[in-house]
Amino acid sequence: MFLSEFILTGFFVCLLGGLSEGALHLSNYYGDHMVLQRGPQRAVLTGTATREGDTVTAQIVGHGSPVTGQVHSGKWKVKLPAVTEAGPFVIRVSSSEGQVTLNDVLFGDVWLCSGQSNMEFQMNQVMNSGAELQKVSQFPTIRFFKAQHQKSNTPLDNLIVAQGWSLPNPQSVQSFSAVCWLFAEYLQPHLKYPIGLVEASWGGTTIEAWSPPEAINACPAIHHTQQEQSCCPQSKLVIWNGMIRPLLSMTIFGALWYQGESNWDQTDIYSCQMKQLISTWRSEFNQQSMGETSQNFPFGYVQLAGYHNSQDVGAFPVLRWAQTGGHGYAPNPDQPRSFMAVAMDLPDFTSPYDPIHPRYKQDVAQRLVLGALNVAYGHSDVAFQGPFPTQFHVTGSGAQRTITIEYNNGRTSLDIRNTKGFDICCGGANAHSCAEHGTYWVDAPITSHQGSHVTIAASGCNANKVLGLRYAWRESPCNLKQCAIYAADSSLPAPPYLTNTLPA
């Protein structure tokens, strides 16, 4: 505990942020080998000093003019010039109280990776981890930094740091987030410039623990069935205060989020929580970076994977739907400039780390990269979403009744990998919605398919009305990559889907 308190005072910043002399210090997430956000955005440096009103000067050696800021209430903040060259550079920060030097600094895109245990899931735990780790040294301009667990009931300015920014090698990457690293590894060949990764994750945590006060207050009150444990805080605000708020001044390009398992008992408000987390993170990062982090920065997230090897519906389908704000896809009106990796078809029932932690993080990262290329980097030709229903036709009656579903307005050829996955909702003559008492769900197998259309049997309702339809509405809808509907060209899975109303 003494070491953590010592780091928080800032006296260890000199070990983590280059050579420091005197009472001038950089915030402890800056350091040698780091990646700062490239132009047109401007990177922000922050720190502490003791002489009120003193001038702090920052200079990228050999590049542009120096920039200055003043010490207010013991803190200072400066914007560096916009830099599009990769580097490496040396940055010197000085005041009347001393000088700090940052060596081997690169400029690229900085991504924040956050969430619970599936974001924290390490590179040495993925499928074929040995071979994956042997590749990492081929990416010397992907640099990474990991915040240590820290919860607080009050807002903090500094992180707990075990070590500073790292260069990639099999030893340094093995305990880093697999989703975060693999995302950068697959993305960098498209960018051809450095990527900085900041991991702030904590297994077993809820979304409200990561949310600022504005997000908490915008949604209904939370009443979890599980109690907070010492291992994994559930209380609202505590990780926001300890692990996200200290990072707000850092200029970032985008964020990745993998969380939701710990909110299985609060699915009714998760849509609101997700919307508010995205919007408040954007506004807070924008404000604290003096406008340099975009107020609409790209936000990618992972929809929950399969879990137990059973056909139980469970809580996950409703939570997956809530992750999208009830739209079923991303980006959407409640989550602009977002993108989603569907993972329900990536279960790992024999995972040695428990089936809640699938090892197939390569597929998750590849799907996230497709979304990033399209949404974050403007490559509109990159397909990143699986097929989505756009029209329904109910024909026949009784045992001959069928429903034909059109995907993507008829523009996408489908790859049908099995005939299971659809359910239909049945109700009596006076029923109008699947939410009404007395309605029930039955299986509706695929009977035929052609092009972008799938036909399912609706005979299970017998003489009752067909009111609604759902797809992949199970905790674990299928075995690995064997759900029913995929896009023929991209092999991306159709996401879970629900409608409580169908045309008569």
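Residues numbered from 1 in each chain as written. Predicted model: local features only at pLDDT ≥ 70, side-chain atom pairs only at ≥ 80, totals over all residues. Heavy atoms only, no water.

Caption draft 1: Highlighting the packing of helix α9 (residues 267–288) against helix α10 (residues 316–323). The N-to-C vectors of α9 and α10 enclose an angle of 20 degrees; their axes lie 8 Å apart at closest approach. The angle between α9 and α10 places the two elements in the roughly parallel class. Relative to α10, α9 is oriented so that their crossing is right-handed. In this structure, α9 contributes Thr-267, Tyr-270, Ser-271 and Met-274 to the contact, and α10 contributes Val-318, Leu-319, Ala-322 and Gln-323. Grouping the amino acids of the contact of α9 with α10 by side-chain chemistry returns five nonpolar, three polar and no charged. (Axes fitted to C-alpha atoms, helices over the stretch in contact; angles between N-to-C directions. Helix = DSSP H or I, 4+ residues; strand = E, 2+ residues; numbered from the N terminus. Parallel < 35°, antiparallel > 145°, perpendicular 65-115°, else oblique. Left-handed = near helix turned anticlockwise from the far one by under 90°. Contact = heavy atoms within 4.5 Å. Nonpolar A, V, L, I, M, F, W, Y, C, P; charged D, E, K, R; others polar.)

Caption draft 2: How the structure looks around the packing of aromatic side chains. Inspection of every chain in the model, using the stated rule, returns 22 aromatic pairs. Relative to Phe-183, the ring of Trp-111 lies with its centre 5.0 Å away and its plane at 70 degrees, an arrangement referred to as edge-to-face. Within this pair, whereas Trp-111 is found in strand β9 (residues 98–115), its partner Phe-183 is found in helix α6 (residues 178–191), the two being separated by 72 residues in sequence. The same class applies to Trp-111 as to Phe-183, namely buried. Between Trp-257 and Trp-281, the ring centres sit 5.7 Å apart and the planes meet at 80 degrees, which makes this aromatic pair edge-to-face. Here Trp-281 lies in helix α9 and Trp-257 lies in strand β12 (residues 254–258), a separation of 24 residues in the sequence. (Phe/Tyr/Trp six-rings, centres within 6.5 Å; stacked < 30°, edge-to-face > 60°. Buried < 20%, exposed > 50% of the residue type's maximum accessible area, 1.4 Å probe, protein only.)

Caption draft 3: Highlighting the sheet that holds strand β21 (residues 453–457). Taken in spatial order, the four strands of this open sheet run β15-β16-β21-β20, and their pairing is antiparallel. A strand with exactly one partner marks an edge of an open sheet, and here the two such strands are β15 (389–395) and β20 (446–450). Across this sheet, the average inter-strand angle for adjacent strands is 20 degrees, counted without regard to direction. Bridging between β20 and β21 involves four bridges; their strand directions are antiparallel. Counterpart to Ser-448 in the pairing with β21 is Thr-455. (Pairing = 2+ DSSP bridges.)

Caption draft 4: How the structure looks around the packing of α6 against helix α11 (residues 361–376). Running from N to C, α6 and α11 cross one another at 50 degrees; their axes reach a closest spacing of 8 Å. If you check the angle between α6 and α11, you find them oblique. Seen along the crossing, α6 lies across α11 with a hand that is right-handed. Of the residues in α11, those touching α6 at Ala-178, Val-179, Leu-182, Phe-183, Tyr-186, Leu-187 and His-190 are Lys-361, Gln-362, Val-364, Ala-365, Gln-366, Leu-368, Val-369, Ala-372 and Leu-373. Counted by class, the contact of α6 with α11 contains 12 nonpolar, three polar and one charged residues.

Caption draft 5: Up close: the pattern of salt bridges. All told, the structure shown has 14 salt bridges when counted by the stated rule. Lys-275 is paired through a salt bridge with Asp-334; the nearest N and O atoms lie 3.4 Å apart. Taken together, the positions of Lys-275 in helix α9 and Asp-334 in the loop between α10 and β14 (338–341) put the pair 59 residues apart, joining distant regions of the chain. Residue class for Lys-275 comes out partly exposed when judged on its relative accessible area of 35%. For Asp-334, a relative accessible area of 29% puts it in the partly exposed group. Across the pair Asp-363 and Lys-481 runs a salt bridge whose closest N-O atoms are separated by 2.7 Å. Of this pair, Asp-363 sits in helix α11 while Lys-481 is found in the loop between β22 (465–471) and β23 (485–487), placing the two residues 118 residues apart along the sequence. Given the relative accessible area of 13%, Asp-363 is considered buried. We classify Lys-481 as partly exposed; its relative accessible area is 30%. Put simply, Asp-423, Asp-443, Arg-470 and Arg-474 are held in one network by salt bridges that share partners. (Salt bridge = Lys/Arg side-chain N within 4 Å of Asp/Glu carboxyl O.)

Caption draft 6: Representation of the state of the cysteines in the model. All told, the structure shown has five disulfides when counted by the stated rule. Between the sulfur of Cys-219 and that of Cys-272 lies a disulfide, 2.1 Å long from S to S. In this structure, the disulfide formed by Cys-219 and Cys-272 twists by about -95 degrees around the S-S bond and is classed as left-handed. Linking Cys-219 in the loop between α7 (213–218) and α8 (238–244) with Cys-272 in helix α9, this pair joins segments that are 53 residues apart in sequence. Residue Cys-219 is classed as buried on the basis of its relative accessible area of 10%. In this model, Cys-426 is linked to Cys-461 through a disulfide, with the two sulfur atoms separated by 1.9 Å. Linking Cys-426 and Cys-461, the disulfide has an S-S dihedral of approximately -80 degrees and is accordingly described as left-handed. With Cys-426 in strand β18 (residues 422–427) and Cys-461 in the loop between β21 and β22, the pair connects residues that are 35 residues apart, well separated along the chain. By relative accessible area, Cys-426 is classed as buried at 0%. With relative accessibility at 0%, the residue Cys-461 sits in the buried group. (Disulfide = S-S within 2.5 Å.)

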